Amino acid sequence: MKEEIAGPTAWKLLGIWALIGAQSFGGGPTTLQSIRREMTLKRGWITEMEFVHFWTLSSLVPGINMLSFAIQIGRKLAGWRGIAATLIGLLLPSTLITVAITAGFSAVQNWPPFQAMLRGILPAAAGLMFVTFLQMTRPLLRESRRQGWASLGVSLGFIGVTAAMIGLLRWPVWLALLLAMLSGVLLVTLPLPGRSQLQNPTALPSQKPVLESLSERPSPVEQQRQDIS
Amino acid sequence: MNPLVYFLIFIKASLFSTGGFGNLPSLHQDLIDNGLATDADFGQAIAVGQITPGPNGLWVISLGYLTYGFLGVVLAFTAILIPPFLVLALSAVYRKIEHKPSVKGAMRGLSLAVVGSLLVISSLLIFAPGIDWRGWLIGLASFGLALSQRVPVILILVLAAGAGLLFL
């Protein structure tokens with residue numbers, strides 16, 4: 001690894017990840033919120049923007065996102081030793097607990113108090129996920145806000161349109177992400193905003209409204225181009 | 001059964017899917033067709049996956065244990081461990097081209113969309129069948145406690161489990 005930053009030792013990292021892995025009942029939402037607390041809020045090892053970018057890159061590779069996300073954090077903090085410490089810490093306790101629960105599952109499965117506790121934890125995970133959503137939105141919107149209100153509006157539009165495509169229209173996630181990525185490229189590269197529908201060769205009829213609505217606002221495009229140059 | 005075939009079924013499912021449960025359809029098809037697992041195994045593994053701490057994808061570990069004992073755990077564990085390393089290659093490429101305007105635009109659009117999909121996960125969880133106004137109150141309370149950033153996450157979960165025990 002080329003840049004070794006003066007971060008924590010691998011052993012310290014192992015301990016932190018083990019705590020995250022062993023405590024995060026409630027699955028992905030809880031794990032993500034715990035990672036943010038430990039790595040960004042408490043210790044400032046991962047910036048808000050890095051947190052978002054790592055998560056975005058991890059959504060582009062196969063397998064469990066949380067693992068590819070954690071690999072990037074471990075690598076930034078302590079290179080290959082950091083990756084090893086991260087994966088062992090995150091996975092060893094939680095895997096052992098998983099095996100133990102599987103072995104004893106039939107015993108507790110129909111035990112009413114157990115069911116009741118589970119019914120309490122699931123909506124709590126939704127609350128945690130919503131907080132993580134707001135926290136991850138913040139650096140992105142702050143960046144947009146610096147470029148003006150129109151840019152902020154477009155960014156909110158991206159979030160809203162994607163959420164609607166996945167959540168309400170039930171489109172496959174990869175399609176929504178691909179459209180957002182292409183729209184993002186179009187917004188910064190198109191010389192004239194009105195041309196987008198002719199220049200995007202992959203646009204299907206049903207995709208046009210989304211791309212058009214995102215690219216027909218002239219000011220954010222100009223603003224972004226100024227920012228980059 | 002052949003451990004190599006078993007491992008290949010798991011790694012194939014993991015390589016051609018994303019997310020914690022993306023590998024489910026492929027595993028279900030291959031394991032059931034080969035008589036290596038039953039629907040009951042899948043039901044139990046997924047249920048265990050809802051309870052265990054850590055990433056969502058650990059339900060596969062449970063499936064490994066149910067279908068092939070401790071060897072199954074080791075093989076399933078290895079199969080979910082390998083594909084995420086591809087992110088290192090991706091981030092190496094990304095760092096070389098990240099300054100280009102088009103790449104910046106792509107990253108920005110994609111980041112906003114990925115964040116938007118977290119909103120979907122949150123609303124799917126809260127509008128899941130079986131969650132009524134009492135569940136929404138628990139969700140709202142955990143939202144407030146988490147937003148304050150003062151209460152440890154594990155304490156929020158303990159309180160939610162306690163509320164479930166008392167009211168649900």
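Reading the values: rules and limits
- Residues numbered from 1 in each chain as written.
- Chains lettered and ligands numbered in written order.
- Predicted model: local features only at pLDDT ≥ 70, side-chain atom pairs only at ≥ 80, totals over all residues.
- Helix = DSSP H or I, 4+ residues; strand = E, 2+ residues; numbered from the N terminus.
- Buried ≥ 20, exposed ≤ 12 C-beta atoms within 10 Å, placed from the backbone.
- Contact = placed C-beta atoms within 7 Å.
- Rg over C-alpha atoms; globule rule 2.2 N^0.38 Å.
- Nonpolar A, V, L, I, M, F, W, Y, C, P; charged D, E, K, R; others polar.
- Expected span 1.5 Å × (residues − 1).
- Axes fitted to C-alpha atoms, helices over the stretch in contact; angles between N-to-C directions.
- Left-handed = near helix turned anticlockwise from the far one by under 90°.
- Core = buried A, V, L, I, M, F, W, Y, C linked by C-beta atoms within 7 Å.
- Parallel < 35°, antiparallel > 145°, perpendicular 65-115°, else oblique.

A. Representation of the overall build of chain A in the model. Check the secondary structure of chain A and you find 10 helices and zero strands. Each helix (α) and strand (β) of chain A, taken in turn from the N terminus, gives the series α-α-α-α-α-α-α-α-α-α. Burial statistics for chain A: of 229 residues in total, 50% are counted as buried. Excluding contacts between residues fewer than 6 apart, the proportion of contacts in chain A whose partners are at least 24 apart in sequence is 60%.

B. Spatial organisation of the overall build of chain B. Assigned secondary structure in chain B consists of eight helices and zero strands. Listed N to C, the secondary structure of chain B is α-α-α-α-α-α-α-α in terms of helices and strands. Here chain B has a C-alpha radius of gyration of 20 Å; the compact-globule value for 168 residues is 15 Å, and the former is much larger. Along the longest, intermediate and shortest principal axes, the C-alpha atoms of chain B span 55 × 50 × 25 Å. Residues counted as buried form 48% of the 168 residues belonging to chain B.

C. Examining the interface of chain B and chain A more closely. Contact with chain B, which involves 81 residues of that partner, is made by 86 residues of chain A. Counting only elements with at least two residues in the side of chain B that touches chain A, the list comes to helix 1 (3-15), helix 3 (39-51), helix 4 (59-81), helix 5 (86-97), helix 6 (101-126), helix 7 (133-148) and helix 8 (153-167) of chain B. In terms of residue class, the side of chain B that touches chain A is made up of 53 nonpolar, 26 polar and two charged.

D. Structural context of helix 6 of chain B. The end-to-end C-alpha distance of helix 6 of chain B, which contains 26 residues, comes to 38 Å, matching closely the 38 Å that a straight helix rising 1.5 Å per residue would cover. Of all 26 residues in helix 6 of chain B, 20 are buried; the element is thus mostly enclosed.

E. Representation of the packing of helix 7 (residues 173-189) of chain A against helix 6 of chain B within the structure. At a closest axis distance of 7 Å, the pairing of helix 7 of chain A and helix 6 of chain B adopts a crossing angle of 145 degrees. In this structure, the crossing between helix 7 of chain A and helix 6 of chain B has a hand that is right-handed. Residues A:Val173, A:Ala176, A:Leu177, A:Ala180, A:Met181, A:Ser183, A:Gly184, A:Val185, A:Leu187, A:Val188 and A:Thr189 of helix 7 of chain A touch helix 6 of chain B, and the partners they reach there are B:Pro101, B:Ser102, B:Lys104, B:Gly105, B:Ala106, B:Arg108, B:Gly109, B:Leu110, B:Leu112, B:Ala113, B:Val114 and B:Ser117. Each residue belonging to the contact of helix 7 of chain A with helix 6 of chain B can be placed in one class, and the counts come to 14 nonpolar, seven polar and two charged.

F. Up close: the nonpolar core. Core analysis: the biggest nonpolar cluster contains 112 residues, and A:Ile121, A:Met129, A:Ala180, B:Phe10, B:Ala76 and B:Val115 have the highest contact counts within it. If one sorts the elements of this core by residue count, helix 4 (residues 65-108) of chain A sits on top with 14 residues. Excluding residues within four positions of it along the chain, B:Phe10 makes contact with B:Leu27, B:Val60, B:Leu75, B:Ala76 and B:Ala79.

G. Structural view of unusual backbone geometry. One non-glycine residue with positive phi stands out, namely A:Arg170, at about 60 degrees. When you line up the elements, A:Arg170 lands in the loop between helix 6 (149-168) and helix 7. Backbone geometry at B:Gln149 places phi at a positive 60 degrees, although glycine is not the residue there. For B:Gln149, the location among the structural elements is in the loop between helix 7 and helix 8. The exposure class of B:Gln149 is partly exposed, given the 13 C-beta atoms found within 10 Å.

H. Highlighting helix 1 (residues 10-23) of chain A. Across its 14 residues, helix 1 of chain A extends 20 Å between first and last C-alpha, which sits within 8% of the 20 Å expected from 1.5 Å per residue. For helix 1 of chain A, the elements touching its buried residues are helix 2 (28-42) and helix 4 of chain A together with helix 8 of chain B.

I. A look at the packing of helix 7 of chain B against helix 8 of chain B. Residues and elements named next belong to chain B. At a closest axis distance of 10 Å, the pairing of helix 7 and helix 8 adopts a crossing angle of 160 degrees. In terms of orientation, helix 7 lies roughly antiparallel with respect to helix 8. Considering the relative orientation of helix 7 and helix 8, their crossing is right-handed. When helix 7 is examined against helix 8, the residues Arg134, Ile138, Ser142, Leu145 and Ala146 are found in contact with a partner set consisting of Ile156, Ala160, Ala163 and Phe167.

J. Highlighting the environment of A:Ile159. Relative to the elements of secondary structure, A:Ile159 occurs in helix 6. A:Ile159 sits in the buried class, given 23 other C-beta atoms within 10 Å. Between the C-alpha atoms of A:Ile159 and A:Ala180, which are 21 residues apart in sequence, the distance is 9.2 Å. Those residues within four positions of A:Ile159 in sequence are excluded, and the remaining contacts are A:Thr137, B:Leu112, B:Val115 and B:Gly116.

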